[in-house]
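# Notes for the structure review
Letter by letter, the chains look like this.
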Amino acid sequence: MTMRMTLMGWLAAGCFLAQSVLAQGSQIVVNDPDGAAARVAAPVSVRVDLAKLKEGNEKSESFRLVEVVKGNEATGKSVPAQFEPDAPGSRCGTLWWLMPEGPEGERRFRLVVAEEAASDGMNATHDKQQKFVDVTDGDRPVLRYNHGTVPPPKEIVDHFEKGREHPLYYARGDYIHPVFGPDGEKLTDDYSLNHPHHRGVFWSWPVLRYKGEVRDIWAVRVLANQPGGAWARPVAMNRVSAGPVLARIDAENVWKWGDEIPIVREDVSIRAFHSHDRCRFLDIEVRLTALADDVSIGGRPKAGYGGFTFRTLPEFEDRNIALHVDPQEASPRRAWFHLTGKIPGAKGTVGMALLEHVTNPAYPNYPAPKTAERVPFGKYPPWRSVTPAFPGDREITLSQEKPLVLKHRLWIHPGTVEEAVLSEIWDTYAHPVQARVIE
C-alpha cells in the first residue's frame, strides 16, 4: 500500500489556480517569542476540529496556511499544512506545518484549501508481506522502518555461526534502517562485523529481567551462558500515512520471553518531516507497557549502555561524536549529542543531532563517567553508536498501568553548524511554540 500526498515550497501569490478561505473568521495564532522556530523551520502543531473550521470534504494535502498581516489582509505567501486525524474518518485531530521564515513574536495565519494539490511530497509505502515501511521525500529516500525480521547477510552467518549447534544469526526486527542523509547517503549501519547485533536506530536493553531471570534483548540472540533469549515481534501496523508535511508510522510490537511468553507491549510512533534547506527532523516515540509482573529493563552492568541508540558507521573521515550537557544549575538545562563527519556518499560534511525530550525519565541522560571507560564529564566515550544510555547500569521496573514513554528527536543536516543553532534546535523541541485557533 502506498500513501502519497504532496508538497510545495513556500508559494508566491498567484501560484494557486484557486483557493478558498476556510471559516472566514477563524485564525491560527502562533507565538514564536524569539523567532527560533522560524529560523530552523521547526515542526509546529495545533489541535483542530475541521467541522468548526470548514465545510465540505477537501483533501488534506491541499491545505495551506496563509499569513495574515494588517488585520485580515493576507501576504499572499503560504506554507503547506497537513491534517492528522485522531482516527480514520475523524474531523478532530492535529494540524502540522513547518514554521516559515518571518518575524519573532505573535504571528497569525488563515487555513485555506487549494483546488489542486502540490506536486511534491512525502510518501510512505507499506510492504505488508515483508513487513517494512519505506519513507521518501519526493524521489529522495528518508528511512525504512523494519517491523518484521530482517535476515542476516551471508557474511554474518559465515563469520559468527558456522558450525554452531544452535544458529540464530542475530536476526531481528523492530528498528529503523537505513536512515538517509541530505544526498541519499546511508547514515546508519546494520549487521556490522564488529558489532553484528547493532542495528540502525533501535531501542533495546542488555538487561531484560522477568521473574528474577535476566536475558539480553539488546543482543537479539541466545547467549552461551543463558537458557534462552527475548525478541521484539510485530503485532500490528496501526497507521501508515503521508502528506505535504510529514510521514507517520504507528506500529505495535510485543516482547516475547523465549520467543513465546509476551511480557512487554511496545508502541512506536515515527514522524519524518519534509526537508527544509536540506535539513530534516525525525521524531520517534516509544511506549513500553508491562504485560506481566516483575518486568524491568536496564543498561549493560558496569558499562551503562542501552536504550535508544543510533548506530553509525564505525569509521569514516573526520568522524566525531560531541556531547553537550549544561551544568546541573543551568536553566534551561540543554543536552544533545552531535555526530559529524564525511560519511561515504555525502557531498561534504554531514551532521546528526540526537536530542531526548525533557519529559524523559532522569533527563538529561548521558553515558556516566564512572561506567563509560572513565571518560570525563562532557566527553563522549569511544563508542560506535550514539546513545543517551538510559537508564545506565540501573534497572527500571515497567508498569502494567502506566507506560514508560521515551521521546527522541533526530535533526539531520548538511555541513557544519554553530552551537547556537543546536541550542535553537533543542529549544524548539523542549519548548515548542504555542499555537491556538481563535474565531
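All of the points below concern the structure found in this document. (Residues numbered from 1 in each chain as written. Predicted model: local features only at pLDDT ≥ 70, side-chain atom pairs only at ≥ 80, totals over all residues. Heavy atoms only, no water.)

## So, the sheet that holds strand β4 (residues 43-49)
Strand order in the open sheet formed by three strands is β4-β8-β7, and the pairing between neighbours is antiparallel. Each edge of the open sheet is held by one strand with a lone partner, namely β4 and β7 (82-85). Averaged over all pairs of adjacent strands, the angle between strand axes in this sheet comes to 30°, irrespective of strand direction. For β7 and strand β8 (residues 92-98), the ladder comprises four bridges, and the chain directions are antiparallel. Across the sheet, residue Q82 finds its bridge partner in β8, namely W96. (Pairing = 2+ DSSP bridges. Helix = DSSP H or I, 4+ residues; strand = E, 2+ residues; numbered from the N terminus. Axes fitted to C-alpha atoms, helices over the stretch in contact; angles between N-to-C directions.)

## With respect to the pattern of salt bridges
Under the criterion given, the structure shown has 25 salt bridges. Its salt-bridge partner being R280, residue D137 comes within 2.9 Å of it at the nearest N-O pair. Linking D137 in strand β11 (residues 132-137) with R280 in strand β20 (residues 280-290), this pair joins segments that are 143 residues apart in sequence. Exposure class is identical for D137 and R280. Each is buried. Residue R248 pairs with D250 through a salt bridge whose shortest N-O separation is 2.7 Å. D250 matches R248 in its accessibility class, with the two residues each being buried. Among the ionic contacts, a cluster of salt bridges with common partners joins E84, R239, R248, D250 and R271. (Salt bridge = Lys/Arg side-chain N within 4 Å of Asp/Glu carboxyl O. Buried < 20%, exposed > 50% of the residue type's maximum accessible area, 1.4 Å probe, protein only.)

## Considering the pairing of strand β18 (residues 246-257)
Along β18, 11 of the 12 residues are buried, which leaves the element largely enclosed by surrounding structure. Looking at chain direction, strand β17 (residues 230-242) and β18 are connected through 11 bridges and run antiparallel. Paired with M237 across the two strands is A251, which belongs to β18. Taking the residues that link successive antiparallel strands as the turn, the β17-β18 hairpin has three residues. Looking at chain direction, β18 and strand β19 (residues 261-273) are connected through 12 bridges and run antiparallel. Across the sheet, the residue bridging to D250 is S269, located in β19. Between β18 and β19, which pair antiparallel in sequence order, lie three residues; one of them, G258, sits at a positive phi of approximately 65°.

## Some thoughts on the nonpolar core
Grouped together as the largest cluster of nonpolar side chains are 103 residues, with contacts concentrated most on L95, W97, V135, W255 and I284. Counting residues in each nonpolar core, the second largest holds eight residues, with V150, I156, F160 and Y175 among its members. (Core = buried A, V, L, I, M, F, W, Y, C linked by side-chain atoms within 4.5 Å.)

## What to know about the sheet that holds strand β28 (residues 404-414)
If you walk across this open sheet you meet the eight strands as β17-β18-β19-β20-β28-β25-β24-β23, and the pairing is antiparallel. Of all strands in the sheet, those bounded by a partner on one side alone are β17 and β23 (317-325). Geometrically, the sheet is characterised by an average inter-axis angle of 15° between neighbouring strands, direction not taken into account.

## As for the side chain of Q82
Turning to its location among the elements, Q82 is positioned in strand β7. A polar contact is formed between the side chain of Q82 and the backbone nitrogen of L246, at a distance of 2.9 Å. (Polar contact = N/O pair within 3.5 Å; in protein donor to acceptor, adjacent residues only side chain to side chain.)

## Overview of helix α3 (residues 154-161)
Where α3 is concerned, the buried positions are I156, F160 and E161. Looking down the long axis of α3, one finds its buried residues gathered within 75° of arc, a one-sided arrangement. Among the exposed residues of α3, those oriented more than 90 degrees off its buried face are K154 and H159. (Arc of directions from axis to C-beta.)

## Some words on the environment of V133
By the secondary structure assignment, V133 is in strand β11. Separated by 104 residues in sequence, V133 and M237 have C-alpha atoms that sit 9.6 Å apart. Contact partners of V133, with chain neighbours within four places excluded, come to A124, T125, H126, L143, R144, Y145, M237, V240 and I249. (Contact = heavy atoms within 4.5 Å.)

Take it as geometry only, folks, not as evidence of what the structure does.
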